[in-house]
Amino acid sequence: MATNRLTQEEIVRETVGFYNTENRATVEQVQSGGYTSTKCEYITPDNKMCAVGRCLTKKGLARVMKTCPDDSVGDVDSMVGLNNVLKKKYTGHGEMFWLRLQRLHDDKNLWDEKGLNDKGVTQVKEVFGIIL
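All values derive from a computational prediction rather than experimental measurement.

Here is what the cut-offs are and how they apply
- Residues numbered from 1 in each chain as written.
- Predicted model: local features only at pLDDT ≥ 70, side-chain atom pairs only at ≥ 80, totals over all residues.
- Heavy atoms only, no water.
- Helix = DSSP H or I, 4+ residues; strand = E, 2+ residues; numbered from the N terminus.
- Salt bridge = Lys/Arg side-chain N within 4 Å of Asp/Glu carboxyl O.
- Buried < 20%, exposed > 50% of the residue type's maximum accessible area, 1.4 Å probe, protein only.
- Phe/Tyr/Trp six-rings, centres within 6.5 Å; stacked < 30°, edge-to-face > 60°.
- Lys NZ or Arg CZ within 6 Å of the ring centre and 35° of its normal.
- Axes fitted to C-alpha atoms, helices over the stretch in contact; angles between N-to-C directions.
- Left-handed = near helix turned anticlockwise from the far one by under 90°.
- Contact = heavy atoms within 4.5 Å.
- Nonpolar A, V, L, I, M, F, W, Y, C, P; charged D, E, K, R; others polar.
- Expected span 1.5 Å × (residues − 1).
- Core = buried A, V, L, I, M, F, W, Y, C linked by side-chain atoms within 4.5 Å.

**Considerations on unusual backbone geometry**
Residue asparagine 47 is not a glycine yet carries a positive backbone phi of 70°. Along the polypeptide, asparagine 47 turns up in the loop between strand S2 (36-40) and helix H2 (58-67).

**Re the pattern of salt bridges**
If you walk through the whole model with that rule in mind, you get 3 salt bridges. With a closest N to O distance of 2.9 Å, glutamate 9 and arginine 13 form a salt bridge. In this pair, glutamate 9 and arginine 13 are both assigned in helix H1 (residues 8-18), 4 residues apart and thus about one turn of the helix distant. Note on glutamate 9: relative accessible area 37%, which makes it partly exposed. In this structure arginine 13 comes out as partly exposed when scored by relative accessible area, which is 36%. In this structure, the salt-bridge partner of lysine 48 is aspartate 46, at a minimum N-O distance of 3.7 Å.

**Remarks on the packing of aromatic side chains**
Under the defined criterion, the tally for this structure stands at 5 aromatic pairs. Between phenylalanine 18 and tyrosine 19 the ring centres are 4.8 Å apart and the planes differ by 85°, which places this aromatic pair in the edge-to-face class. Ring geometry for phenylalanine 97 and phenylalanine 128: centres 6.0 Å apart, planes at 70°, overall edge-to-face. Taken together, the residues span a long stretch of sequence, with phenylalanine 97 in helix H5 (residues 95-106) and phenylalanine 128 in helix H6 (residues 118-128) at a distance of 31 residues. By relative accessible area, which is 16% here, phenylalanine 128 ends up buried. Members of the aromatic cluster, each reached through a chain of ring pairs, are Tyr90, Phe97, Trp98 and Phe128. The lysine or arginine in question, arginine 54, covers the ring of phenylalanine 18, its NZ or CZ lying 5.0 Å from the ring centre.

**Re the packing of helix H3 (residues 73-80) against H5**
Between H3 and H5, the shortest axis-to-axis distance is 9 Å and the interhelical angle comes to 145°. Note on packing geometry: the crossing formed by H3 with H5 is right-handed. The residues of H5 that touch H3, namely those facing Val73, Gly74 and Asp77, are Glu95, Trp98, Leu99 and Gln102. Looking at the contact of H3 with H5 residue by residue, the classes come out as 3 nonpolar, 2 polar and 2 charged.

**Considerations on the environment of valine 85**
Mapped onto the secondary structure, valine 85 falls in helix H4 (residues 82-85). Separated by 78 residues in the primary sequence, valine 85 and threonine 7 place their C-alpha atoms 18 Å from one another.

**Quick look at the environment of asparagine 4**
Summarising the element assignment, asparagine 4 is placed in the segment before H1. Judged by relative accessible area, asparagine 4 falls into the exposed class, the value being 68%. In the structure, asparagine 4 is positioned 86 residues away from tyrosine 90 in sequence and 9.1 Å away in space, judged by C-alpha atoms.

**A closer look at H5**
Taking 1.5 Å per residue, 12 residues should reach 16 Å; H5 reaches 16 Å between its end C-alpha atoms and fits that length. For H5, every residue scored as buried is listed here: Phe97, Trp98, Leu99, Leu101, Gln102, Leu104 and His105.

**Some remarks on the nonpolar core**
Of all hydrophobic cores here, the largest spans 33 residues; its most connected members are Tyr42, Leu56, Leu82 and Trp98. Elements that contribute at least two residues to this core include exactly H1, H2, H3, H4, H5 and H6. Look past the residues within four positions of leucine 82 in its chain and what remains in contact with it is Val52, Leu56, Val73, Val76, Asp77 and Trp98.

Rendered as structure tokens:
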């Protein structure tokens, strides 16, 4: 049985349709000095997943969490091979695509309670060439 792989545009549109400010897999931490930093996680304690994390197989997520839980997509690709841990429908796209998708997810200034805001829509057009 053949698995239909999603195009980059389909993955971007799926990601944009999935997230808003409330369900992104980010954790805010107050740093010494009083400022707050936001860190993305592949999976949070309340089971929210980042843009790449939600595309991983269960075994793939476990492997990433064991091997390189705090690393970027590029590090994951070099350490475990990103296409080896993605669900089949998401395979076949290069590291740079996944880095750009993850950056879109991570930037809290691009999201609001409904989803991607106007700034985010502009970002998708500029980075991916997709008009939403």
